[in-house]
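A closer look at the structure
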Amino acid sequence: MGGQERMRPLWRMYLRGTDGVLFVVDSADRDRIPEAREELLRILDTPEMKNVPLVVIANKQDLPGSIDCKELGKRLQLPQMSTRPWVLHGACATTGEGICESMESLAKMVKEYKSKNK
Ligand SMILES: Nc1nc2c(ncn2[C@@H]2O[C@H](COP(=O)(O)OP(=O)(O)OP(=O)(O)O)[C@@H](O)[C@H]2O)c(=O)[nH]1
Ligand SMILES: [Mg+2]
C-alpha cells in the first residue's frame, strides 16, 4: 500500500486479520524518519496488532548519505520491541537487492505466527 499521507488513514482498514507487516522506509529521506517511526508505532499499537511480526525494509541503501540498516533500526526503535518478532533488511528496490530476503523473512515469520495463534 502507498505510504503517502493521504493514504495512511486507509491502513487501519486492513489491520484486522493481519498476520504480518512489511514496512518500507526511504533510508535516504533522513528528515522524515521520525514521521515514519510515528506512523509505524501507530499501526502496531493496537490490540489486534500485538505480536504480529514485522519486517522493515531499509530501502534506497544505494543512495549516498542514506542511513545504514542498523542506525535506521535504532531510529525506528526496533530494539525496544521486546515481544514482537521483527527483522530489518537493507534493500534497493530499483535493482531488487534485498527484496527476496525480505519476502522470505516475512513468509517465515508469518508461518510461525499463524502456527502459534491457531
Ligand atoms: N536510488 C533508488 N531509488 C529508488 C529506490 N526505490 C525507489 N526509488 C525511486 O524513488 C522514487 C519514488 O520516491 P518515493 O520516496 O518512494 O516517493 P515520493 O514520491 O518521494 O513520495 P513520498 O512517499 O512522500 O516520499 C521513484 O523514482 C523510484 O524509482 C531505491 O532503492 N534506490
Ligand atoms: Mg520520498
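Further up the page is the structure itself.
Please read all numbers here as calculations on a predicted model, not as lab measurements. (Residues numbered from 1 in each chain as written. Chains lettered and ligands numbered in written order. Predicted model: local features only at pLDDT ≥ 70, side-chain atom pairs only at ≥ 80, totals over all residues. Heavy atoms only, no water.)

1. A short note on a negative patch on the surface
There is a patch of like negative charges on the surface, built from Asp62, Glu97, Glu101 and Glu104. Tracing the backbone shows Glu97 in the loop between strand E3 (86-90) and helix H4 (99-116). (Patch = residues over 30% accessible without salt bridge, like charges linked within 9 Å, V, L, I, M, F, W, Y side chains within 5 Å. Areas by Shrake-Rupley, 256 points an atom, 1.4 Å probe, with all protein chains shown as cover. Salt bridge = Lys/Arg side-chain N within 4 Å of Asp/Glu carboxyl O. Lys, Arg positive; Asp, Glu negative; His and termini not counted. Charge placed at Lys NZ, Arg CZ, Asp CG, Glu CD. Helix = DSSP H or I, 4+ residues; strand = E, 2+ residues; numbered from the N terminus.)

2. Considering the side chain of Ser66
For Ser66, the position within the fold is in the loop between strand E2 (54-59) and helix H3 (69-75). The exposure class assigned to Ser66 is buried, which follows from its relative accessible area of 15%. At 3.1 Å, the side chain of Ser66 forms a polar contact with the backbone oxygen of Leu63. (Buried < 20%, exposed > 50% of the residue type's maximum accessible area, 1.4 Å probe, protein only. Polar contact = N/O pair within 3.5 Å; in protein donor to acceptor, adjacent residues only side chain to side chain.)

3. Things to note about the site of ligand 1
Taken together, Gln4, Asp26, Arg32, Asn59, Lys60, Asp62, Leu63, Cys92, Ala93 and Thr94 are the residues near ligand 1. Note that an oxygen atom of ligand 1 is positioned 2.9 Å from one of the backbone N or O atoms of Ala93. Contact with the protein chains hides 50% of the accessible area of ligand 1, taken as 640 Å² for the molecule alone. A breakdown of the residues in the shell around ligand 1 according to their chemical character gives three nonpolar, three polar and four charged. (Near = heavy atom within 4 Å. Nonpolar A, V, L, I, M, F, W, Y, C, P; charged D, E, K, R; others polar.)

4. Here's the deal with the sheet that holds strand E1 (residues 21-26)
Ordered in space as E1-E2-E3, the three strands form an open sheet in which the pairing is parallel. Strand pairing shows two members of the sheet lacking a second neighbour, E1 and E3, which therefore form its edges. Strand after strand, the sheet turns through a mean of 20 degrees between neighbouring axes, direction not considered. For E2 and E3, the ladder comprises five bridges, and the chain directions are parallel. (Pairing = 2+ DSSP bridges. Axes fitted to C-alpha atoms, helices over the stretch in contact; angles between N-to-C directions.)

5. Concerning the nonpolar core
The biggest cluster of nonpolar side chains holds 22 residues, and the ones touching the most others in it are Phe23 and Leu54. Sorting the residues of this core by element identifies E1, helix H2 (33-44) and E2 as the ones contributing at least two each. Leu54 has contacts with Val21, Phe23, Leu40, Leu44, Leu78, Met81, Arg84, Pro85, Trp86, Val87 and Met109, leaving out every residue within four places of it along the chain. (Core = buried A, V, L, I, M, F, W, Y, C linked by side-chain atoms within 4.5 Å. Contact = heavy atoms within 4.5 Å.)

6. Re unusual backbone geometry
For Lys60, which is not glycine, the phi dihedral falls at a positive 65 degrees. Following the sequence through the fold, Lys60 ends up in the loop between E2 and H3. Positive phi outside glycine occurs at Gln77, with the angle close to 65 degrees. Among the structural elements, Gln77 can be located in the loop between H3 and E3.

7. Overview of H4
Compared with the 26 Å implied by 1.5 Å per residue over 18 residues, the 26 Å span of H4 between its first and last C-alpha is a close match. Ser102, Ser105, Leu106, Met109, Val110 and Tyr113 are the residues of H4 that are buried. Buried residues along H4 cover an arc of 130 degrees about the axis, so they all sit on one side. Residues of H4 that are exposed and point over 90 degrees away from its buried face: Cys100, Glu104, Lys108 and Lys111. (Expected span 1.5 Å × (residues − 1). Arc of directions from axis to C-beta.)

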